[in-house]
Amino acid sequence: MDDGLIWILVGLVLLMAEIVVPGVFLLWIGLAALGTGLVTVAFAPGFATKVVVFLLLLAAGIATALALRRRQRPTVRVNTPDAGLVGRVGTVTGRAAAGARVRVGDSDWAARIAGEAEVGDTVRVDGVDGTVLVVSRVAR
């Protein structure tokens, strides 16, 4: 059997194994083997060249995977006060010298109001500063 076909066969077997094995590590090895097989069929290089091509393709695949992982990593927003509050609408329930109280959903929050708002006014949550909501009055 031709060397190029062996590389291609190994690459296809690794790609199929990727479906069964959790993770994404066999994908890059399989693609590198497949690419090496195609280069071998097209150019018939020597053994050392095949190894270099395989390693270069593998390094390119790993670099691509790391770049994709870095770009797709979402910010962790589980159990943070602003996870579901920013953008929601609430009602001012109290005003005091120390600040205001705002009811958002079924919870009362300490609030810092940007601009003017009185008890009963509708406000929108613009951000969260610790456990204090930063809100602004919604125009009627």
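Please refer to the structure placed before this passage.
Residues numbered from 1 in each chain as written. Predicted model: local features only at pLDDT ≥ 70, side-chain atom pairs only at ≥ 80, totals over all residues. Heavy atoms only, no water.

(A) Region of interest: the sheet that holds strand β3 (residues 107–114). Strands sit in the order β1-β2-β3-β5-β4 around a closed barrel of five strands; the barrel is mixed. Averaged over all neighbouring strand pairs, the angle between strand axes comes to 50°, with direction disregarded. Bridge count for strand β2 (residues 99–104) against β3 is five bridges, and the pairing is antiparallel. Counterpart to Arg103 in the pairing with β3 is Asp108. (Pairing = 2+ DSSP bridges. Helix = DSSP H or I, 4+ residues; strand = E, 2+ residues; numbered from the N terminus. Axes fitted to C-alpha atoms, helices over the stretch in contact; angles between N-to-C directions.)

(B) Molecular detail of the pattern of salt bridges. A complete count under the given rule lists five salt bridges for this structure. A salt bridge links Asp121 to Arg137; the nearest nitrogen and oxygen atoms lie 3.3 Å apart. Taken together, the positions of Asp121 in the loop between β3 and β4 (122–129) and Arg137 in strand β5 (residues 132–137) put the pair 16 residues apart, joining distant regions of the chain. (Salt bridge = Lys/Arg side-chain N within 4 Å of Asp/Glu carboxyl O.)

(C) Highlighting the packing of helix α2 (residues 25–43) against helix α3 (residues 47–72). Between α2 and α3, whose axes approach to 8 Å, the crossing angle comes to 140°. One way to sum up the angle between α2 and α3 is to call them oblique. Viewed along their axes, α2 and α3 form a crossing whose handedness is right-handed. In contact with Trp28, Ile29, Ala32, Ala33, Gly35, Thr36, Val39 and Thr40 of α2, α3 contributes Lys50, Val53, Phe54, Leu57, Leu58, Gly61 and Ala65. A per-class count over the contact of α2 with α3 returns 10 nonpolar, four polar and one charged. (Parallel < 35°, antiparallel > 145°, perpendicular 65-115°, else oblique. Left-handed = near helix turned anticlockwise from the far one by under 90°. Contact = heavy atoms within 4.5 Å. Nonpolar A, V, L, I, M, F, W, Y, C, P; charged D, E, K, R; others polar.)

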